[in-house]
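Here are the chains, one letter per residue:
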Amino acid sequence: MPFPAVRLRRTRRTPALRRMVRETELAASDLILPLFVCPGEGVADPVASMPGVCRQSVDRLVATAAEAHGEGIPAVLLFGIPEHKDAFGSSSWSDDGVVQRALRALKQQVPELLTVVDVCFCEYTDHGHCGVLREDGGVDNDATLANLGKQSVSLAAAGADVIAPSDMMDGRVGAIRGALDAAGHQQVPILSYAAKFASAFYGPFRDAADSAPSFGDRRSYQMDPGNAREALREVSLDAVEGADILMVKPALPYLDVLSAMRRRFRQPLAAYHVSGEYAMLRAGAANGWIDYDRALMESLLSIRRAGADLIVTYGARDAARLLRQGWEP
């Protein structure tokens, strides 16, 4: 029936009515907090381009993770900043690597916290690319697969709950699954960065992780921003190879891809609200142009509405605080 019999504003009139008919909810349990672990002790080095984010030594990171878990955040995503880099990123599979040390400390001191670990090489290589280089400077896909397996097995042995490959090599999920299973880690799930785009929104992360390529860029292995159908092919292949959770990165510029994934796949879906997305909110708020709290929560709610079960966000603790305070749209 048309207006005036139909008045959609009726159910928007009061907070109670809006709550009753709300289609999408956001909870702290939906969130994953990224953390950067670095060498040293007592280190909390602020990242200038991401206010509120620090590079932390293991002791400080454990304290931060424990606080976040106490605030209702169930998981952290770990990135390592190693003491030494080489052409292969070999410190990433060292038993004494910085992430491995962090994992052991977290399992001892915050055992209920879920630990997700990024698997890639850009932070660990002296050239900043995500794998082994050929003589012509390109990344050797197949040679990189074996090293991804080594890194994943080392992290699982140190206590990682979830392995999260972000390298975008073809066949990496199958290679990692095979390496984990052969090493007796059949129970460890894989959260695949299934559709990771070559994005302009990664700049602050590269500052934090010191991972910018020393030459060229990553467009030969990360996805073209114009390709949604290809993204679904990428996701399909990762699903077939054994990925337990599928992720799109970045989040807001690719909500169409996330929505298409939700319609097609039954696996849990994640989205990464990346460093540039977070930094823009902080910068806008610092200039008095937007309300950070409202803009953050609207952003996260839109990611959930598009189909994400899980959201990786640097604003996880801010969102958890607002939810405890009774935030509503």
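In the block above lies the structure referred to throughout.
Since the structure is predicted, the reported quantities are computational estimates derived from the model, not experimental observations.

### Focus: the side chain of K196
Relative to the helices and strands, K196 resides in strand β7 (residues 191-196). Buried and unpaired, K196 has no salt bridge, with D118 as the nearest side chain of opposite charge at 5.9 Å. There is a polar contact of 3.0 Å between the side chain of K196 and the backbone oxygen of S166. If sequence neighbours within four positions are ignored, K196 has contacts with S166, M168, Y202, Q222, M223 and K249.

### Let's talk about the nonpolar core
Counting 108 residues, the largest nonpolar core has F36 and L78 as its most contacted members. Of all the elements, helix α10 (residues 292-306) adds the most residues to this core, at eight residues. Residue contacts for L78: discarding those within four places in its chain leaves L35, L61, V99, A102, L103, L106, V116, V117 and D118.

### Digging into the pairing of strand β1 (residues 31-37)
Of all seven residues in β1, seven are buried; the element is thus mostly enclosed. Burial of the side chains of β1 extends over both faces: L31, L33, L35 and V37 are buried on one face and I32, P34 and F36 on the other. As judged from the two bridges shared by β1 and strand β10 (residues 310-313), these two strands associate in the parallel manner. Its bridge partner lying in β10, L31 is registered against I311. Where β1 and strand β4 (residues 75-80) come together, six bridges link them in parallel fashion. Across the sheet, the residue bridging to L35 is L78, located in β4. Examined bridge by bridge, β1 and strand β3 (residues 54-56) share two bridges and lie parallel to one another. Paired with V37 across the two strands is Q56, which belongs to β3.

### Section: the environment of R177
Relative to the helices and strands, R177 is located in helix α5 (residues 172-182). Along the chain, R177 and I163 lie 14 residues apart, while their C-alpha atoms are 9.7 Å from each other. In this structure, R177 is in contact with H185, Q186, V188, P189, I190, E241 and D244, ignoring residues within four places of it in sequence. A distance of 3.2 Å separates the side chain of R177 from the backbone oxygen of H185, its partner in a polar contact.

Calculation criteria
Residues numbered from 1 in each chain as written. Predicted model: local features only at pLDDT ≥ 70, side-chain atom pairs only at ≥ 80, totals over all residues. Heavy atoms only, no water. Helix = DSSP H or I, 4+ residues; strand = E, 2+ residues; numbered from the N terminus. Buried < 20%, exposed > 50% of the residue type's maximum accessible area, 1.4 Å probe, protein only. Lys, Arg positive; Asp, Glu negative; His and termini not counted. Salt bridge = Lys/Arg side-chain N within 4 Å of Asp/Glu carboxyl O. Polar contact = N/O pair within 3.5 Å; in protein donor to acceptor, adjacent residues only side chain to side chain. Contact = heavy atoms within 4.5 Å. Core = buried A, V, L, I, M, F, W, Y, C linked by side-chain atoms within 4.5 Å. Pairing = 2+ DSSP bridges.

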